[in-house]
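# Geometric and topological summary
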Amino acid sequence: MMMLFVLFLSLASHASSSKEQHIKSIFILAGQSNMAGRGGVVNDTLTGITIWDGVVPPECLPNKSIFRLSANLTWVEAREPLHADIDVEKTNGIGPGMPFAHAILANRASSIGAIGLVPCAIGGTNLSQWERGSFLYRQMIGRAKAALLKVNDNGASIRGLLWYQGESDTTSIEDARSYKARLETFFGDLRLDLQFPMLPIIQCGCRYCALVTGQ
């Protein structure tokens, strides 16, 4: 009986490892609440507690070619909420990570291989909390390097960063005015520490806000 149990664990481990070997393209997800995912998060009128409604749109459904790096640095099948074990002080829901991965696969599946998402976002954070040397910065760099190390043997690479942050820096006029310069420094530091000077960085934004402000 013990031998069968050991064999089962071995096969399960092998199956998980085999899936990891398909990961070719790694994307880092960082920023604050909108990246962590607040889609479908509602306030329960009976308890007054915020909950996720559990609704998963088609573009956010699990896919055998989309993985996520868990909090304990293990590759697992990606499922919403992607940041459930990362942004643990908040209620997480739908974010932009899964739709992005699905869109990439739909357009470049043959060349990009399986996708590995590295959730790092924390709700309510301002840019100063992501500056080089901070806890969040070190954690993001550490998770990105760990993600790459686990699938390095099959030629995987970090393909880009999805960054969705900025609302917390609008409460202070000084922070708002210096945001552009500080963000450019942050991006430069990130590229330097990941040894990827041309790392593609995609800044996500809210369409509604852009329309209201005219930007």
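To keep things clear, this report deals only with the structure shown in the data block. Just so you know, these numbers come straight off a predicted model, no measurement behind them. (Residues numbered from 1 in each chain as written. Predicted model: local features only at pLDDT ≥ 70, side-chain atom pairs only at ≥ 80, totals over all residues. Heavy atoms only, no water.)

Let us now look at helix α5 (residues 173-193). Spanning 21 residues, α5 covers 30 Å between terminal C-alpha atoms, matching the ideal 30 Å at 1.5 Å per step. Approximately 55° is the largest bend angle found in α5, and it occurs at Tyr179. Taken together, the buried positions of α5 are Tyr179, Arg182, Leu183, Phe186, Phe187, Asp189 and Leu190. On its buried face, α5 is in contact with α4 (135-150), β7 (157-164) and β8 (201-203). Backbone geometry just downstream of α5 places Gln195 in the positive-phi region, at approximately 55°. (Helix = DSSP H or I, 4+ residues; strand = E, 2+ residues; numbered from the N terminus. Expected span 1.5 Å × (residues − 1). Bend = angle between axes of the 7 residues up to and from the residue. Buried < 20%, exposed > 50% of the residue type's maximum accessible area, 1.4 Å probe, protein only. Contact = heavy atoms within 4.5 Å.)

Before going further, it helps to examine the pattern of salt bridges. Inspection of the entire model under this criterion finds eight salt bridges. Here Arg68 ties to Asp85 by a salt bridge, and the two come within 2.4 Å at their closest N and O atoms. Here Arg68 is found in strand β4 (residues 66-69), whereas its partner Asp85 is found in the loop between β5 (75-77) and α3 (97-112), with 17 residues between them in sequence. Residue classification places Arg68 among the buried residues on the basis of a relative accessible area of 8%. (Salt bridge = Lys/Arg side-chain N within 4 Å of Asp/Glu carboxyl O.)

The next point concerns the side chain of Arg143. Looking at the secondary structure, you find Arg143 in helix α4. The side chain of Arg143 is buried and forms no salt bridge, while Asp85, the nearest opposite charge, is found at 6.1 Å. A distance of 3.0 Å separates the side chain of Arg143 from the backbone oxygen of Pro119, its partner in a polar contact. Other than its neighbours up to four places away in sequence, Arg143 contacts Leu69, Ser70, Ala71, Leu73, Ile86, Val118, Pro119 and Cys120. (Lys, Arg positive; Asp, Glu negative; His and termini not counted. Polar contact = N/O pair within 3.5 Å; in protein donor to acceptor, adjacent residues only side chain to side chain.)

The tally for this structure, following the rule as stated, stands at six aromatic pairs. Note on Trp130 and Trp163: the rings are 5.5 Å apart at their centroids and 90° apart in plane angle, and the pair reads as edge-to-face. Residue Trp130 is located in the loop between β6 (114-119) and α4, and its partner Trp163 is located in strand β7; the two are separated by 33 residues in the primary sequence. Residue Trp130 is classed as buried on the basis of its relative accessible area, which comes to 0%. Residue class for Trp163 comes out buried when judged on its relative accessible area of 0%. Consider the rings of Phe186 and Phe187, whose centres lie 5.6 Å apart with planes at 45°: the pair is tilted. Residue Phe186 is classed as buried on the basis of its relative accessible area of 3%. The exposure class assigned to Phe187 is buried, which follows from its relative accessible area of 11%. Through a chain of ring-to-ring contacts, the aromatic side chains of Trp130, Tyr137, Trp163, Phe186 and Phe187 assemble into a single cluster. (Phe/Tyr/Trp six-rings, centres within 6.5 Å; stacked < 30°, edge-to-face > 60°.)

In short, shape yes, function no, at least from these values alone.
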